[in-house]
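Residue-level structure breakdown
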Amino acid sequence: MPRSVNAVASRARRKKVMKQAKGYFGRRKNVWTVAKNAVEKAMLYAYRDRRNKKRTFRSLWITRINAGARQHGMSYSQFMGKVKAGNIELNRKVLADLAMNHPDAFKAVVDQVK
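Everything in this summary refers to the structure shown in the same document. (Residues numbered from 1 in each chain as written. Predicted model: local features only at pLDDT ≥ 70, side-chain atom pairs only at ≥ 80, totals over all residues. Heavy atoms only, no water.)

We now examine the nonpolar core. By size, the foremost hydrophobic cluster in this structure holds 16 residues, and its most contacted members are Ile65, Phe79, Leu95 and Phe106. If you list the elements that add at least two residues to this core, you get helix H2 (32–70), helix H3 (76–85), helix H4 (92–101) and helix H5 (103–113). Ignoring sequence-local partners within four residues, the contact set of Phe79 consists of Ile65, Ala69, Met74, Leu95, Phe106, Val109, Val110 and Val113. (Core = buried A, V, L, I, M, F, W, Y, C linked by side-chain atoms within 4.5 Å. Buried < 20%, exposed > 50% of the residue type's maximum accessible area, 1.4 Å probe, protein only. Helix = DSSP H or I, 4+ residues; strand = E, 2+ residues; numbered from the N terminus. Contact = heavy atoms within 4.5 Å.)

So this is what it looks like as structure tokens:
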């Protein structure tokens, strides 16, 4: 009895990977072994960076809050300490948005915690 290899499933699997490699440069887009490795690596980067994105945004928010707080004569750590002590339930994302786009509202928060 001849060996069965299920070419339909194999072809579909390869086709799926080649579709994901569309737009890559050189042999990464049209040679199966190279494309498979490139797509696998890209998926690893995507998985890792979905987590890293949260870190980078948090550091951006901290930088913006620090800049806003320093305009009113406070450091970031002093400001956040007083925000927590004053039971102000605004997270860093909201505080950073206020510091950037609504400086008068941010000033009101600073005045409240001083």
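So much for the structure itself; the text now carries on.
So, on to unusual backbone geometry. Of note, Asn6 is a non-glycine position whose phi angle comes to about 55°, a positive value. Mapped onto the secondary structure, Asn6 falls in the segment before helix H1 (7–20). Phi at Asn87 is positive, roughly 55°, even though this residue is not glycine. With respect to the element layout, Asn87 can be found in the loop between H3 and H4. The class of Asn87 is exposed, set by a relative accessible area of 64%.

Turning next to the packing of aromatic side chains. Per the stated rule, a full pass over the model turns up two aromatic pairs. Note on Phe57 and Trp61: the rings are 6.1 Å apart at their centroids and 40° apart in plane angle, and the pair reads as tilted. Here Phe57 and its partner Trp61 are both found in helix H2, four residues apart, which amounts to about one turn of the helix. A centroid spacing of 5.3 Å and a plane angle of 45° characterise the contact between Phe79 and Phe106, whose relative ring orientation is tilted. Note that Phe79 is positioned in helix H3 and Phe106 in helix H5, a separation of 27 residues in sequence. What makes Phe79 buried here is its relative accessible area of 0%. (Phe/Tyr/Trp six-rings, centres within 6.5 Å; stacked < 30°, edge-to-face > 60°.)

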